[in-house]
2 protein chains.
Amino acid sequence: MIKKISHIAIVVPELDEALSFWVETLGLPLEYVEHVPDQDVDVAFLPSGDSEIELLEPIGRDSGVARFLERRGPGIHHICFEVDDIDQMLVRMREAGVPLIDETPTIGTGGKKIAFIHPKGTGGVLVELYEITAEETARRRERLNDMRRRLLRRRRVYAAGIIGFFSGLRTPGDGQNENGGHFS
Amino acid sequence: MIKKISHIAIVVPELDEALSFWVETLGLPLEYVEHVPDQDVDVAFLPSGDSEIELLEPIGRDSGVARFLERRGPGIHHICFEVDDIDQMLVRMREAGVPLIDETPTIGTGGKKIAFIHPKGTGGVLVELYEITAEETARRRERLNDMRRRLLRRRRVYAAGIIGFFSGLRTPGDGQNENGGHFS
């Protein structure tokens, strides 16, 4: 069964320039950026609802994504659906005569399984199926927690800076109470 | 702010053929099909997670969707994001110099507001912004309830048929207990 749309992948010539539209102007949050060596791309993950926009910048010139960019220009590359049982889905595709790019799933980081369906079988859309594992879910949670911790630390440093600034302004016995009169 | 990916729209030459892949083979549920006169397309709505796949079949030959199909073939047409305030988003786009297809939102059924951003401003992706109204939400809920009622009625008719069938098979005093021995 299909659980949800996992992500929409968009090929861009240059990640920084793309982020200036998708993050700064449109306002999507940037979760993280990582290099995916298998496909030789840098990927930026931008969550939206329970799905993600993934921006792909090809690094080398030999990857499928690099060839897509050269041949078709920047734009939407594929849709990925999260499924509960990818092997069963591939059996269903084969039984229906749908041509597959991957006859068996590729195993990625954390044991996640990935397979692509050929656009000839879907009416012109490259479709990825994706089965997430408990290990991959934990890995993603840990990465998010890391990011939250970093943000919190940055806020603490920032807050400490502000407190330091105001402490510098105030002199003892200037008539204000202990908390500066701001809190009751 | 962007709330979520509302839908991914895919242009297909023939809705019935497309549904045989997206619904029968891939297993997405078909919520409903409607004709959208403004764009002269038949649209099938296939929910997935908190987003939807929308399949668009152009009816006339003069619409933007018909021209897209003729020029580029079947495939992904646009991504739509649900936003909380479309007017504010359009101001942000203009301030960032992003070219717009719709300078002001189109008002659709139930007061919903729609505007398209030009692919030149997004790096090759046609992006739709969509602000849903309380009236449109109620309309959609009513349509879903209608469908549930129809399904329930169909199941009742089906169940009545089965009960009728088994009643016909059993003759009084054939040694089976009242529920045919199937339930404890």
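Residues numbered from 1 in each chain as written. Chains lettered and ligands numbered in written order. Predicted model: local features only at pLDDT ≥ 70, side-chain atom pairs only at ≥ 80, totals over all residues. Heavy atoms only, no water.

**Student:** Lay out the confidence of the model for chain A in plain terms, naming residues and giving numbers.
**Tutor:** Residue and element names in this part refer to chain A. Chain-level statistics for chain A give a pLDDT mean of 85 and a share of 85% at 70 or above. Low pLDDT, under 50, characterises residues 170-184; the stretch is placed with three contacts to residues that sit more than four places away or in other chains. Of the two predicted TM-score estimates for the complex, the pTM is 0.79 and the ipTM is 0.78. (pLDDT = per-residue confidence, 0-100. Contact = heavy atoms within 4.5 Å.)

**Student:** I'd like a rundown of unusual backbone geometry, residues and numbers included.
**Tutor:** All names here are of chain A. Unusually for a residue other than glycine, D40 sits at a positive phi of about 50°. Within the secondary structure layout, D40 lies in the loop between strand 2 (32-36) and strand 3 (41-48). Residue classification places D40 among the partly exposed residues on the basis of a relative accessible area of 27%. (Helix = DSSP H or I, 4+ residues; strand = E, 2+ residues; numbered from the N terminus. Buried < 20%, exposed > 50% of the residue type's maximum accessible area, 1.4 Å probe, protein only.)

**Student:** Hey, could you go over the pairing of strand 7 (residues 113-117) of chain B for me, with residue numbers and the actual values?
**Tutor:** As a general feature of sheets, a regular strand has side chains that alternate between the two faces. Residue and element names in this part refer to chain B. Counting buried positions along strand 7 yields four of five residues, so the element is predominantly enclosed. The pairing of strand 6 (residues 106-107) with strand 7 spans two bridges and is classified as antiparallel. When the sheet's bridge partners are listed, I107 is paired in strand 7 with K113. Taking the residues that link successive antiparallel strands as the turn, the strand 6-strand 7 hairpin has five residues, and the phi of G110 there is positive, at about 70°. (Pairing = 2+ DSSP bridges.)

**Student:** Can you tell me about the sheet that holds strand 2 of chain A, naming the residues and giving the values?
**Tutor:** Residue and element names in this part refer to chain A. Taken in spatial order, the eight strands line up as 2-3-4-1-5-8-7-6 in an open sheet, and their pairing is mixed. Since the sheet does not close on itself, it has two edges, and those belong to strand 2 and strand 6 (106-107), each with one partner. Against the sheet, helix 1 (residues 15-25) engages strand 1 (2-11), strand 2, strand 3 and strand 4 (51-58), with an angle of about 5° to strand 3. (Axes fitted to C-alpha atoms, helices over the stretch in contact; angles between N-to-C directions.)

**Student:** If you had to explain the domain arrangement of chain A to someone new, which residues and values would you point to?
**Tutor:** Residues and elements named next belong to chain A. Annotation of chain A at the domain level lists domain 1 (2-133) and domain 2 (139-172). Facing eight residues of domain 1, the contacting portion of domain 2 comprises five residues. With both sides pooled, the region where domain 1 packs onto domain 2 buries about 580 Å², and carbon together with sulfur makes up 43% of that total. For domain 1, the biggest contributors to the area lost against domain 2 are E31, Y32 and T109; these three give 62% of the whole. Where domain 1 touches domain 2, the interface holds zero salt bridges. Inspection of the domain 1/domain 2 interface yields zero residue pairs in polar contact (both at pLDDT 80 or more). Residue composition of the side of domain 1 that touches domain 2, by class: four nonpolar, one polar and three charged. (Domains from an automatic or database assignment. Buried area = accessible area lost by both parts, 1.4 Å probe. Salt bridge = Lys/Arg side-chain N within 4 Å of Asp/Glu carboxyl O. Polar contact = N/O pair within 3.5 Å; in protein donor to acceptor, adjacent residues only side chain to side chain. Nonpolar A, V, L, I, M, F, W, Y, C, P; charged D, E, K, R; others polar.)

**Student:** Give a detailed account of the pattern of salt bridges, specifying residues and quantitative values.
**Tutor:** Residue and element names in this part refer to chain A. Applying the stated rule across the entire model yields 10 salt bridges over all chains. Among the ionic pairs, E82 bridges to K4, the shortest N-O distance being 3.9 Å. Linking E82 in strand 5 (residues 75-83) with K4 in strand 1, this pair joins segments that are 78 residues apart in sequence. For E82, a relative accessible area of 9% puts it in the buried group. Each of K3, K4 and E82 takes part in salt bridges that share partners, so that together they form one network.

**Student:** Summarise the environment of P47 of chain A; cite the residues concerned and give the values.
**Tutor:** Tracing the backbone through its elements, the reader meets P47 of chain A in strand 3. Apart from the residues lying within four places of it in its own chain, the contact partners of P47 of chain A are L28, P29, E31 and E52 of chain A.

**Student:** Give me the packing of aromatic side chains: which residues, what numbers.
**Tutor:** Under the counting rule described, the total for this entry stands at six aromatic pairs over all chains. Plain terms: the ring middles of F21 of chain A and W22 of chain A are 5.1 Å apart, the flat faces sit at 80° to each other, and that makes the pair edge-to-face. An aromatic cluster of at least three residues, connected via ring pairs, comprises F21 and W22 of chain A together with F81 of chain B. (Phe/Tyr/Trp six-rings, centres within 6.5 Å; stacked < 30°, edge-to-face > 60°.)

**Student:** Give a detailed account of a positive patch on the surface, specifying residues and quantitative values.
**Tutor:** Positive charge collects at one region of the surface, where R67, R71 and R72 of chain A together with R67, R71 and R72 of chain B lie side by side. Among the structural elements, R67 of chain B can be located in helix 2 (residues 64-72). (Patch = residues over 30% accessible without salt bridge, like charges linked within 9 Å, V, L, I, M, F, W, Y side chains within 5 Å. Areas by Shrake-Rupley, 256 points an atom, 1.4 Å probe, with all protein chains shown as cover. Lys, Arg positive; Asp, Glu negative; His and termini not counted. Charge placed at Lys NZ, Arg CZ, Asp CG, Glu CD.)

**Student:** An account of the sheet that holds strand 6 of chain B is needed here, citing residue identities and associated values.
**Tutor:** All names here are of chain B. The mixed open sheet is built from eight strands, whose spatial order is 2-3-4-1-5-8-7-6. Strand pairing shows two members of the sheet lacking a second neighbour, strand 2 (32-36) and strand 6, which therefore form its edges. Relative to strand 8 (residues 127-131), strand 7 runs antiparallel, the two being bridged by five bridges. Note on strand 8: the bridge partner recorded for I117 is V127.

**Student:** Could you give an account of the pairing of strand 8 of chain B, naming the residues involved and the relevant values?
**Tutor:** Residue and element names in this part refer to chain B. Of all the five residues making up strand 8, five are buried; the element is thus mostly covered by neighbouring parts of the structure. Residues V127, L129 and E131 of strand 8 are buried on one face, and the alternating residues E128 and Y130, pointing to the opposite face, are buried as well. Pairing of strand 5 (residues 75-83) with strand 8, which is carried by four bridges, proceeds in the parallel orientation. Following the sheet pairing, C80 is matched in strand 8 by E128.

**Student:** Any details on the relation of the copies chain B and chain A? Residues and values, ideally.
**Tutor:** Relating one copy of the chain to the other requires a rotation about an axis plus a shift along that axis. Least-squares fitting of chain B to chain A yields an RMSD of 0.0 Å, with the transformation described by 0.0 Å of translation along the axis and a rotation of 180°. The superposition operator between the copies reduces to a two-fold rotation axis. The rotation axis passes nearest to the C-alpha of D50 of chain B in chain B, at a distance of 3.3 Å. An overlap of 100% is found between the interface residues of chain B and their copies at the interface of chain A, pointing to a shared contact surface. (Least-squares fit on C-alpha atoms with pLDDT ≥ 70 in both.)

**Student:** Let's hear about the interface of chain B and chain A: which residues, and what values?
**Tutor:** The parts lose accessible area when they come together, and the size of an interface is often stated as this lost area. Counting from both sides, the interface comprises 37 residues of chain B and, opposite them, 37 residues of chain A. Approximately 2800 Å² of surface area, both sides summed, lies buried where chain B meets chain A, with 71% of it carried by carbon and sulfur atoms. Taken together, the links from chain B to chain A amount to zero salt bridges. Counting every contact that joins chain B to chain A gives five residue pairs in polar contact (both at pLDDT 80 or more). At the level of elements, strand 1 (2-11), helix 1 (15-25), strand 4 (51-58), strand 5, helix 3 (86-95) and strand 8 of chain B are the ones that each hand at least two residues to the side of chain B that touches chain A. A per-element tally of the side of chain B that touches chain A places strand 1 of chain B first, with six residues. Taken together, the residues that form the side of chain B that touches chain A break down as 21 nonpolar, 10 polar and six charged.

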